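# Inside the fold
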Amino acid sequence: MPIPEDVTGEEIDKDVRQELLSLPKTLADDVAKNLVMVAKLLDEEPEKAYGYSRVALRLASRVAAVREAAGFAAYAVGKYSEALAEFRAARRMTGSVELWPVMADCERGLGRPEKAMAMAGEPEVQKLDKAGQVEMRLVAAGARRDMGQADAAVVTLQSPELASSAVHPWTARLRYAYADALLAVGREDEARDWFARALEADQGGTTDASDRLAELDGVEFTDALDEDDEADAAGDDGAQGEAGSARD
């Protein structure tokens, strides 16, 4: 797959660059460029990111960072079985537990929420950092909902992290998930409050909390561009009608 000329491979994380030192320099550079493309495209164009990840995997399947990137690219396009296999490979290579939550979410994606719940109770969870533990809680709550246990999902999300007024990178998502879980059990007033709290913490616009709030408040947004298009169309129809009269 083509690599833009302005991508040098130097953009990758220094720890990943360190891993690539085990490869011949030319090969390391090629792998690095493909990993940069995966990172650049993962959110907006996941299918393309997946393509670059497969190239990197062909070039350096024995590098943990490559297996991890391939896992996230497969996960982004819903290839959960493939993603799980790559995450497991990366974990075997590094011994790290940081991929545990996303591995559990892959089990959810494969229709095995019971397996995800079992993983939430494993000792590995205690080895995760705070962000990882919050992520695991989000996955577990999702698994509860998959299993039809909506009230249990609400309880699963209740935690010191949820109650804290401090804002962390994961705060908005945690509050949003809690609001959504409350809404699922009919606790609409509380849900509205938590969607508002999620919006307060959502500095990067990672959730649609504002839209959910508006929906609960019965607010409907009209796209001004759509209105302009409709007006133009009406004007065109009028002009065509006048032209038709003249031809007649």
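Before any of the text, the structure's been laid out above.
Sequence positions are assigned chain by chain, starting from 1 and proceeding in written order. Only residues with pLDDT of at least 70 get local features here, since the model is predicted, and only at 80 or more are side-chain atom pairs given and counted; chain-wide, interface and lining totals rely on the full set of residues. Think of the side-chain values as coming from all heavy atoms in the structure, minus any hydrogens and water.

### Let's talk about the pattern of salt bridges
The working definition used for a salt bridge is a side-chain nitrogen of Lys or Arg within 4 Å of a carboxyl oxygen of Asp or Glu. Applying the stated criterion to the full structure yields 18 salt bridges. R67 is paired through a salt bridge with E86; the nearest N and O atoms lie 2.5 Å apart. Of this pair, R67 sits in helix α4 (residues 64-76) while E86 sits in helix α5 (residues 80-94), placing them 19 residues apart in sequence. Residue R67 shares its accessibility class with E86, and that shared class is buried. Secondary structure follows DSSP: runs of H or I at least 4 residues long count as helices, runs of E at least 2 residues long count as strands, and numbering of each begins at the N terminus. Only protein chains enter the accessibility calculation, which uses a 1.4 Å probe. A residue is then buried if its area is under 20% of the maximum for its type, exposed if over 50%, and partly exposed in between.

### Some thoughts on the packing of helix α7 (residues 113-120) against helix α8 (residues 130-146)
Their axes nearest at 9 Å, the elements α7 and α8 cross at an angle of 145 degrees. Crossing of α7 over α8 shows left-handed handedness. Within the contact between the two elements, α7 uses P113, A116, M117, M119 and A120 and α8 uses M136, A140, A143, R144 and D146. Of the residues belonging to the contact of α7 with α8, the class tally is eight nonpolar, no polar and two charged. Orientation is described by axes fitted as lines to C-alpha atoms, over the contacting stretch for helices, and by angles from 0 to 180 degrees between their N-to-C directions. Crossing handedness follows the turn of the near helix against the far one: under a right angle anticlockwise gives a left-handed crossing, and clockwise gives a right-handed one. Residue contacts are counted whenever heavy atoms from the two residues lie within 4.5 Å of one another. Residues are grouped as follows: nonpolar covers Ala, Val, Leu, Ile, Met, Phe, Trp, Tyr, Cys and Pro; charged covers Asp, Glu, Lys and Arg; every other residue, Gly included, is treated as polar.

### A look at the nonpolar core
Residues enter a nonpolar core if they are buried and are Ala, Val, Leu, Ile, Met, Phe, Trp, Tyr or Cys, with the set joined through side-chain atoms within 4.5 Å. Counting residues in hydrophobic clusters, the biggest one holds 46 residues, and the most contacted among them are L20, L35 and V66. Breaking this core down by element, the ones donating at least two residues are α1 (14-20), α2 (25-41), α3 (46-59), α4, α5, α6 (100-109), α7 and α8. Residue contributions to this core peak at eight residues, all from α2. Residue contacts for V66: discarding those within four places in its chain leaves V31, L35, A56, L57 and A60. The next biggest cluster of nonpolar side chains, apart from the first, holds 20 residues, and it includes L138, L162, W170 and A179.

### Considerations on the packing of aromatic side chains
Centre distance within 6.5 Å is the pairing criterion for rings of Phe, Tyr and Trp, where only the six-membered ring of Trp is used; planes under 30 degrees apart are then read as stacked, over 60 as edge-to-face, and the remainder as tilted. On inspection of all chains with the given rule, the structure shows four aromatic pairs. Aromatic pair F72 and F87: ring centres 4.9 Å apart, planes at 70 degrees, arrangement edge-to-face. Of this pair, F72 sits in helix α4 while F87 sits in helix α5, placing them 15 residues apart in sequence. When the centroid spacing of 5.9 Å and the interplanar angle of 75 degrees are considered together, the rings of Y75 and Y80 count as edge-to-face. The ring of W194 carries the charged tip of R197 above its face, separated from the ring centre by 4.2 Å. When the NZ atom of lysine or the CZ atom of arginine is within 6 Å of a ring's centre and also within 35 degrees of its normal, the charge is said to sit over that ring.

### Side note on the environment of V31
Following the sequence through the fold, V31 ends up in helix α2. Separated by 25 residues in sequence, V31 and A56 place their C-alpha atoms 5.2 Å apart. Among residues more than four places away in sequence, those in contact with V31 are L20, L23, L59, A60 and V66.

### Observations regarding the packing of helix α12 (residues 188-201) against helix α13 (residues 209-216)
Two measures define how a pair of helices packs: the angle their axes make with one another and the distance between the axes. In the contact formed by α12 and α13, the axes pass within 9 Å of each other and the chain directions differ by 150 degrees. For the element pair α12 / α13, the angle class is roughly antiparallel. Here α12 and α13 pass one another in a crossing that is left-handed. Of the residues in α13, those in contact with E188, R192, F195, A196, A198 and L199 of α12 are A209, S210, R212, L213 and L216. Partitioned by chemical class, the residues of the contact of α12 with α13 number seven nonpolar, one polar and three charged. Roughly parallel refers to an angle under 35 degrees, roughly antiparallel to one over 145, roughly perpendicular to one between 65 and 115, and oblique to any angle outside these ranges.

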